[in-house]
Amino acid sequence: MSEEKQTVLSGKDQWLVLTRLLTYTAPFKKQIGFAFFLLILMTIGDVVGPILIKVFIDDFLTLRSFPYEPLMGLAAAYIVIQVGNVFITYFQLMKFQEIALKIIQQLRVDVFSRVQSLGMRYFDKTPAGSIVSRVTNDTEAIKEMFVSVLAGFIQSAFLLVGIFSAMFILNVRLALICLLILPIIFFIMKAYRTYSAVFYQDLRERLSELNAKLAESLSGMGMVQAFRQEQRMQSEFGETNEKHYNAGMRNIKIDGLLLRPAIDMVYILALMMVLSFFGITSFDAAGGVEIGVLYAFINYLDRFFEPINQVMQRLSIFQQAIVAASRVFKLLDEKELAPSQSESCSHTIEKGEIEFRNVTFSYDGKQNVLKNISFRARPGETVALVGHTGSGKSSIINLLMRFYEFEQGEILIDGKSIKYYQKNVLREKMGLVLQDPFLFYGTISSNIRLYDDKLTDQELREAAEFVQAHTFIEKLPDQYEQRVVERGSTFSSGQRQLIAFARTIAANPKILILDEATANIDTETEEAIQVALERMRKGRTTIAIAHRLSTIQDAEQILVLHHGEVVESGTHQELLAKRGLYHKMYLLQNGLSHDQELV
Amino acid sequence: MRVFGYLMWFFKQEKKAYLIGIAVLLVVAALQLVPPWLIGGVVDAIDTDTLTGSSLAQFMGVLLASGVAMYVLRYIWRIMIFGSSVKLARQMRARLYEHFTRMSPQFYQKRRVGDLMAHATNDLSAIQQTAGVGVLTLVDSLATGLFVVITMAVLIDWQLTLIALIPMPIMALSSNYYGTLLHKRFGAAQEAFSDLNDKSQESISGIKVIKTFGQEKEDIASFRDLSADVVKKNVAVARIDSLFDPTISLIVGASFFLSIFFGARMVIADDLTIGQMISFTTYLGLLVWPMLAVGWLFNIVERGRASYERVEQLLSHSVDIREKTGALETPPSGDIIFAIKRFSFPGDEAVSLENVSFTIKRGDTLGVIGRTGAGKTTILKLLMREFDGYDGRVEFGGHSIDDYSLKALRKSIGYVPQDHFLFSASIRENIAFTDPTISQEKVEEAARIAQVHEDILGFTEGYKTIVGERGVSLSGGQKQRISIARAILMDPEVLLLDDSLSAVDAKTEEAILSTLKETREGKTTIITSHRLSAIQHAQQIIVLDNGELVELGTHEELMEKQGWYYEMYVRQQLEELVEQGGQTK
């Protein structure tokens, strides 16, 4: 449960958020226009029905005169309008919902695109759950508002206008009197909004408190039981539960006082006004009351209040949606973008030479995780990075992949700054294999292919064969079409690694960046991985993070990192001869039998 | 409707509220009949020119009185019926919580917190709906429907009533039909939404891969497709949803037309007054809601039933660890004898412990070492009696641990878990977890022993600093030390440190261990660890490998042996060296 803390927005902020939301309706102007046209038709139809009955009552029924033709005409008109209106109503309702859904889709795609363009720094500081929540749940809340509040509000407004127009046509004085209802309703709405905003907010907060407490108790139940605090936790939960109950009751009370019962009361008052008006008019002998008009007014009053009830019940949805929208807009306005490339340059990567020149880097601007790093990987060479956790190996890769922007020093590819390559060029020519090979939901082939539709099945298979993944894939019941569930959890980590290799090779990069997996890998797959790695590196400049030193013994250059600095460098043999840090790491991994002197 | 049977215990418990609520509802349903009747009366009086000032005032007086009465009564039934339903949710939530506190770790291993949460939130709210809106809908729609039809038939005309009602059943049928369709399509829309959710989740978790392959655009396109699917499924919902209003107006319109057509003929024949005809049409308006409600009722009740059954199933889950009748209530103290021939976790084939036997004298320290998964934590879990069902014996203070009540047993044990769990509360509350009323001095003393007092003073709010999921983020080492302080505060007979020093540096570890030694004179301590430095000083060390006890002795004895322990020792010396960048101290 990721209940966000509710922010309270001022009236002005709410208004700003709403107007910004409404800008999303712009591309749908025509459709909205059409929907409004239908709405107007529907409203007219709704309003005309009672007038026809009024004509029938006043011109025929009270006079007890029934000429055949006009009557049939009247009946026919009534039926046509009623039936026609059924269809118009249907399409009108549909249209508004459809438009709302499309608006939300656009908003969603916008948010998602924005997320894609953000830099890794943003993902470091923001929990994934809350980003997902922005993309889906918050936009869903906005959808609710568009579908059930805004559309309902507009429909109600039209109906009200229609009803009042009809009333004015029928009887101006009575219509004027009926206008008195409006301020009363306005007053109730305002009161409800004021009080329910507070109470409803309180209820939501209590609920999220309750859920937080429950979630925490469930995950910490082991602790609670080990320390025998069950009873205390129960009574604490009881208190929160009680507060939530009280908040719930307060809401029921305020709803009971100001929602439907109150509106129904106003209806009775309106009825009294209409009946009294006609009653009093009837005393004046000259006046003469048209019963049909009375009928029509009463009928209008019946229709008048239902939409108001609905709009009021949905006011809380409106409040939530505005808060959700303000969070969504905050994400849309996020400035932590991915490092930019100068897209005007048209350099390509030909040789694949990589050079780090005095690169110093810090994630937080305080502590440097890389200090003045310089090295050069000539085309086709392998440079291996070794060091324990936190030594800066991954940071080097993060910079090379342009996941983070660096300020000091320079990274050059083929002698030109990495910043002067187009993003596409970098992505095409540099292939990264992550330590934790992330597999997407789909099939093996979709995971190797990713979104590259140009890749033929033949090429896909060749890539898999090249990295030794073919053998195990072939044994699967559905082979390349085998389902990959969430994060590929049905495959061993070694198999996931091989699929990730195939994915990288299928893209045929010039530069290979490897972050070796630390996870335990069964021996059979391990062998396949080693063969695959060797093949992949052939003809490609490779930067490899190695956890197992055995895998990089043939590297042209090994950099030993410690606290963000290169403390040793050279080939495997050279480093062993130094008997320094590398030597000790080697001993650690290959058994201590050679060396007792350390103890 | 079975769910109302399920809930009968609650209706009985809240007899008064429900009876009052239902009685009030019935009165309101009857009062609703008054305004249309009055309208008819006024119309007829006007039509026949018999309306006088006083009769008009009388009409209005009755109308106003009925309006005010309805307002008050509507408020009352809401409090009674909706209020009771909120009470039901509160009660069931508390029951569920209490049940959760009695469930063993085994229960939690099999279930995800999210699923349990869903029961406590979504299912309870569906049940609450049933006990509130469900009851209201059932009573109100039946009462209103019945009253209106009877009034129309008796007071106006039964033939006209029959004619006017002809289209009405279609409304009940169609609203039920739409409801079922809507439910199904809504389910599909929910699924599409959840796919979209999964997709975003996945893209954000896999953002590095996407960036690596430069596939942002393609990924956005695929997101767009999925969100278009959401639109499609929702439009399918809208197609049904939009049917409700037109259907109502078509059926009501037909009913109106029939009433006016036949009503007018009766007016001409002088069987009916105009006022009655107008009353009649107004009554028709009152029938719309009961007809619609019947359709909804099935959905509400159906959902309530499914939810109630799920919650009941959860509540019926029996307690795994049972106490003996007449279990000892005195917390144990004394020697611990651990003699396990064989233990497997429930539902797990693999043997977790085999032939592990040792004795700890009261006041001694036992060190347990071994790789991850060797069975170190399992020993502690058995000692705390989180699991039963082993072949062997665990004795504490001369009795099997099964002879004690859980409360007594655990009162003697202070446990510091591997995955230091802190609650979203202040540091003080976390340390004083077992005794919230304990003095500040005692809390600080525990924190000093755990070497975390200075750290805490460094926070802006000191001991009042809120930690946990929604508080300040602490380092792993700080969390561990607060967990240690929490266990120390209760000054337990046995202190269990489950690899609890892994995130503190060597110097702090040393300081904690030596203060513990001083302050826990005569009390037993069990320490499990990866790192030998944490257990080196123990009177007895056992080495576990793959659930079996492979070596046992003091540090010196084990070093002498040149076996597993010795190798590990040498290795760790080297590791330490590498971590320091290769320089020997």
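Source: prediction; values computed, not measured.

Draft legend 1. Summary view of the overall build of chain A. Scanning chain A from N- to C-terminus turns up 21 helices and 12 strands. Scaling as 2.2 N^0.38, a compact globule of 599 residues should have a C-alpha radius of gyration of about 25 Å, whereas chain A reaches 36 Å, well beyond that. Across the 599 residues in chain A, those meeting the buried criterion constitute 41%. The long-range fraction of contacts in chain A, counting pairs at least 24 apart against all pairs at least 6 apart in sequence, stands at 81%.

Draft legend 2. Structural detail: the overall build of chain B. Helix and strand counts for chain B come out as 22 helices and 10 strands. Overall, chain B is about 120 × 65 × 50 Å in size when its C-alpha atoms are taken along their principal axes. Within the span of chain B, comprising 585 residues, buried residues form 44% of the whole. Residue pairs at least 24 apart in sequence account for 80% of intrachain contacts in chain B once pairs closer than 6 positions are excluded.

Draft legend 3. Examining the sheet that holds strand β4 (residues 408-413) of chain A more closely. All names here are of chain A. Taken in spatial order, the four strands make up an open sheet running β2-β1-β4-β5, and their pairing is antiparallel. One side of each edge strand has no neighbouring strand; the edge strands of this open sheet are β2 (368-377) and β5 (416-417). Direction of pairing for β4 relative to β5: antiparallel, over a ladder of two bridges. By the bridge assignment for β5, L412 is matched with S417. Lying over the sheet, helix α13 (residues 393-400) contacts β1 (354-362), β2 and β4, oriented at roughly 70 degrees with respect to β2.

Draft legend 4. A look at the packing of helix α1 (residues 11-23) of chain A against helix α12 (residues 315-332) of chain A. Residue and element names in this part refer to chain A. Their axes nearest at 10 Å, the elements α1 and α12 cross at an angle of 70 degrees. Here α12 runs roughly perpendicular to α1, going by the angle between their axes. Contact with α1, carried on its side by D13, Q14, V17, L18, R20 and L21, involves I322, A325, S326 and F329 of α12 and no other residues of that element. Of the residues assigned to the contact of α1 with α12, the class counts are six nonpolar, two polar and two charged.

Draft legend 5. The arrangement of the domain arrangement of chain A in detail. Domain assignment breaks chain A into domain 1 (11-332) and domain 2 (354-589). Relative placement of domain 1 of chain A and domain 2 of chain A: their C-alpha centres are 56 Å apart.

Draft legend 6. Spotlight on the UniProt feature "transmembrane region" (unreviewed entry) in chain B. All names here are of chain B. Summarizing the sequence annotation, UniProt attributes the feature "transmembrane region" (unreviewed entry) to residues 17-39, 59-77, 133-156, 162-179, 248-268 and 280-301 in the numbering used throughout. Secondary structure across residues 59-77 comprises 100% helix and 0% strand; the distance between its end C-alpha atoms is 27 Å. The span residues 248-268 carries 100% helix and 0% strand; its end-to-end C-alpha distance comes to 30 Å.

Draft legend 7. Structural detail: the interface of chain B and chain A. Listed as interface residues are 106 residues of chain B and, on the opposing side, 104 residues of chain A. Residue contributions to the side of chain B that touches chain A peak at 23 residues, all from helix α5 (residues 53-102) of chain B. When the residues that make up the side of chain B that touches chain A are grouped by side-chain class, the tally is 58 nonpolar, 24 polar and 24 charged.

Draft legend 8. Highlighting the sheet that holds strand β6 (residues 430-433) of chain A. Residues and elements named next belong to chain A. Strand order in the open sheet formed by six strands is β6-β9-β10-β3-β11-β12, with mixed pairing between adjacent strands. Each edge of the open sheet carries a strand with a single partner, namely β6 and β12 (565-570). Put simply, the sheet's adjacent strands are angled 15 degrees from each other on average, direction ignored. Pairing geometry for strand β3 (residues 382-386) and strand β10 (residues 541-545), over four bridges, is parallel. Each residue of the ladder has a partner; that of A384, found in β10, is A544. Its contacts with the sheet put helix α21 (residues 581-589) on β3, β11 (557-562) and β12, and the angle it makes with β11 is roughly 95 degrees.

Draft legend 9. Quick peek at the pairing of strand β9 (residues 511-515) of chain A. All names here are of chain A. Counting buried residues along β9, five of its five residues qualify, which places the element largely inside the surrounding structure. Here β9 shows no split at all, with I511, I513 and D515 on one side and L512 and L514 on the other all buried. Examined bridge by bridge, β6 and β9 share four bridges and lie parallel to one another. By the bridge assignment for β9, M430 is matched with I511.

Draft legend 10. Looking closely at unusual backbone geometry. Residues and elements named next belong to chain A. The phi torsion at R402 lies on the positive side, around 60 degrees, for a residue other than glycine. Structurally, R402 is set in the loop between α13 and β4. One non-glycine residue with positive phi stands out, namely H563, at about 50 degrees. Position of H563 among the secondary structure elements: in the loop between β11 and β12.

Draft legend 11. Structural view of α13(A). Residues and elements named next belong to chain A. With respect to burial, α13 is a largely interior element, six of its eight residues being buried. Along α13, the residues that are buried comprise K393, S395, I396, I397, L399 and L400. Of the residues trailing α13, R402 is marked for its positive phi of about 60 degrees.

Draft legend 12. Structural detail: helix α16 (residues 457-466) of chain A. All names here are of chain A. Those residues of α16 that fall on the buried side of the exposure criterion are R461, A463 and A464. In an axial view of α16, the angular spread of the buried residues amounts to 155 degrees, which keeps them on one side of the axis. Buried residues in α16 make contact with α15 (444-449), α17 (470-475) and α18 (493-506). Following α16 by one or two positions, Q468 has its phi on the positive side, about 70 degrees.

Draft legend 13. Quick peek at the environment of Q418(B). Residues and elements named next belong to chain B. Counting through the fold element by element, Q418 comes out in the loop between β6 (413-416) and α16 (427-431). By the C-beta count within 10 Å, which is 16 here, Q418 ends up partly exposed. Sequence separation between Q418 and L7 is 411 residues, and the spatial gap between their C-alpha atoms is 43 Å. Residue contacts for Q418: discarding those within four places in its chain leaves T377, D498, D499 and S500.

Draft legend 14. Seen up close, the nonpolar core. Residues V467(A), F501(A), A502(A) and I513(A) are the most contacted members of the largest nonpolar core, which totals 204 residues. Looking at this core element by element, the count peaks at 15 residues for helix α5 (residues 128-170) of chain A. Ignoring any residue separated from it by four or fewer positions in sequence, one finds A502(A) in contact with I448(A), A463(A), A464(A), V467(A) and A469(A). Formed by 108 residues, the second largest nonpolar core is a distinct cluster that contains L218(A), L7(B), I484(B) and V494(B).

Draft legend 15. Region of interest: the confidence of the model for chain A. For chain A, the average pLDDT comes to 81, and 94% of its residues sit at 70 or higher. In this model residues 1-6 of chain A is a low-confidence stretch, pLDDT under 50, and it forms 13 contacts with partners more than four residues away in sequence or in other chains.

Draft legend 16. Molecular detail of the domain arrangement of chain B. Residue and element names in this part refer to chain B. Structurally, chain B comprises domain 1 (158-271), domain 2 (330-412 + 495-505 + 524-585) and domain 3 (417-491). Just the C-alpha atoms count here: the centres of domain 2 and domain 3 sit 25 Å apart. On the domain 3 side, the residues contacting the eight residues of domain 2 number nine residues. Partitioned by chemical class, the residues of the side of domain 2 that touches domain 3 number four nonpolar, two polar and two charged.

Draft legend 17. Seen up close, the environment of E191(B). Along the chain, E191(B) falls in helix α9 (residues 168-205). On a C-alpha basis, the gap between E191(B) and A503(B) in space is 43 Å, while along the polypeptide they are 312 residues apart.

Draft legend 18. Spotlight on the environment of L207(A). Checked against the element boundaries, L207(A) lands in helix α7 (residues 181-219). For the pair L207(A) and Y245(A), spaced 38 residues apart in sequence, the C-alpha to C-alpha distance is 9.4 Å.

Draft legend 19. Representation of the packing of helix α2 (residues 29-61) of chain A against helix α3 (residues 68-117) of chain A in the model. Residues and elements named next belong to chain A. Remark: α2 packs on α3, axes separated minimally by 8 Å, with the N-to-C direction vectors making an angle of 155 degrees. Classified by the angle their axes make, α2 and α3 are roughly antiparallel. Handedness of the α2/α3 crossing: left-handed. Looking at the contact of α2 with α3 residue by residue, the classes come out as 21 nonpolar, eight polar and two charged.

Draft legend 20. Up close: the confidence of the model for chain B. On average, residues of chain B carry a pLDDT of 86, and 98% of them reach 70 or more. Scored by ipTM, the complex comes to 0.84, with pTM at 0.77.

About the cut-offs
Residues numbered from 1 in each chain as written. Chains lettered and ligands numbered in written order. Predicted model: local features only at pLDDT ≥ 70, side-chain atom pairs only at ≥ 80, totals over all residues. Helix = DSSP H or I, 4+ residues; strand = E, 2+ residues; numbered from the N terminus. Rg over C-alpha atoms; globule rule 2.2 N^0.38 Å. Buried ≥ 20, exposed ≤ 12 C-beta atoms within 10 Å, placed from the backbone. Contact = placed C-beta atoms within 7 Å. Pairing = 2+ DSSP bridges. Axes fitted to C-alpha atoms, helices over the stretch in contact; angles between N-to-C directions. Parallel < 35°, antiparallel > 145°, perpendicular 65-115°, else oblique. Nonpolar A, V, L, I, M, F, W, Y, C, P; charged D, E, K, R; others polar. Domains from an automatic or database assignment. UniProt positions renumbered as here; feature names shortened; annotations may be inferred. Arc of directions from axis to C-beta. Core = buried A, V, L, I, M, F, W, Y, C linked by C-beta atoms within 7 Å. pLDDT = per-residue confidence, 0-100. Left-handed = near helix turned anticlockwise from the far one by under 90°.

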